[in-house]
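Understanding the architecture of this molecule
Chain residues, written in single-letter form:
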Amino acid sequence: MARRNRYRGTMDTASLASFVDYVNARSAAQCFIDQEEMCATAFFNLGTLELPGHGDYRANLTLTPTAPYATLLLANSARLKQKGIAEFLEDNRDFLEAIAADGSDMDLKRAIATVRGITVDARSRADHEDRDFGASRSALEEIEARAKNGEALPRSFVFSCTPYEGLDQREFHMRLNLITGEEPVFTLRIIQLERIQEEMAGEF
């Protein structure tokens, strides 16, 4: 034959808008979504149980994280030294807001400065008690980290970005934790990340 008797082939894209335009320009598409993998497949000749088609003409969509969201996921729960967390905050200042220890907004420059220069105070106390038929001992160690200027460290950060092209912008609240030792180590943990990912999958 001079021409094919039907369409076939696969269109692959990471653009939600391109996928939607391509599918809407064709008729009788059947679309299936995988929320776990954030991907979708549309069949244009799948047919029905009574009249099955070949199923070899389709469009695939696989959403990829945006650069800010990918950076956020890499930083989540990672152990960062002072230089590492300061660079993360400075490199992503366009997406970040700082929250002070009392819950109020904190200037991001001040927050970065407190992380860059902190002082760790360690105080220990030991109590001993002797009795006629026994003795007791207790030890208490108190560790406090503050900025060199006396200001408390920020409690958390809010990272706002569009996680995937075509989805709504979201706010990710990140709790700041400090692990004291020979050298201070910070972690940023996204609060309720699984719930937010479920919401994004539902939106998709």
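Our structure's up above, just so we're on the same page.
Residues numbered from 1 in each chain as written. Predicted model: local features only at pLDDT ≥ 70, side-chain atom pairs only at ≥ 80, totals over all residues. Heavy atoms only, no water.

1. With respect to the sheet that holds strand β3 (residues 39–43)
The strand order across the open sheet formed by four strands is β1-β4-β3-β2, and the pairing between neighbours is mixed. Lying at the two open borders of the sheet, with one neighbouring strand each, are β1 (9–13) and β2 (30–34). Here the strands of the sheet are splayed against their neighbours by 15° on average, with no regard to which way each runs. Bridge analysis of β1 against strand β4 (residues 57–62) gives five bridges, and the strand direction is parallel. Residue pairing for β4: D12 is matched across the bridge by N60. Along the sheet, helix α1 (residues 16–24) contacts β1, β2, β3 and β4; its crossing angle with β4, the most-contacted strand, is approximately 160°. (Pairing = 2+ DSSP bridges. Helix = DSSP H or I, 4+ residues; strand = E, 2+ residues; numbered from the N terminus. Axes fitted to C-alpha atoms, helices over the stretch in contact; angles between N-to-C directions. Contact = heavy atoms within 4.5 Å.)

2. A look at the pairing of β3
Taken residue by residue, a regular strand's side chains alternate between the two faces of the sheet. For β3, the buried fraction is high: four of the five residues fall into the buried class. As paired elements, β2 and β3 share five bridges and run antiparallel to each other. Within β3, the position partnered with C31 by the bridge is A42. Hairpin connection of β2 to β3: four residues between the antiparallel strands, including M38 at a positive phi of 55°. Where β3 meets β4, five bridges bridge the pair, whose relative direction is antiparallel. Note that in β4 the partner of T41 across the bridge is N60. (Buried < 20%, exposed > 50% of the residue type's maximum accessible area, 1.4 Å probe, protein only.)

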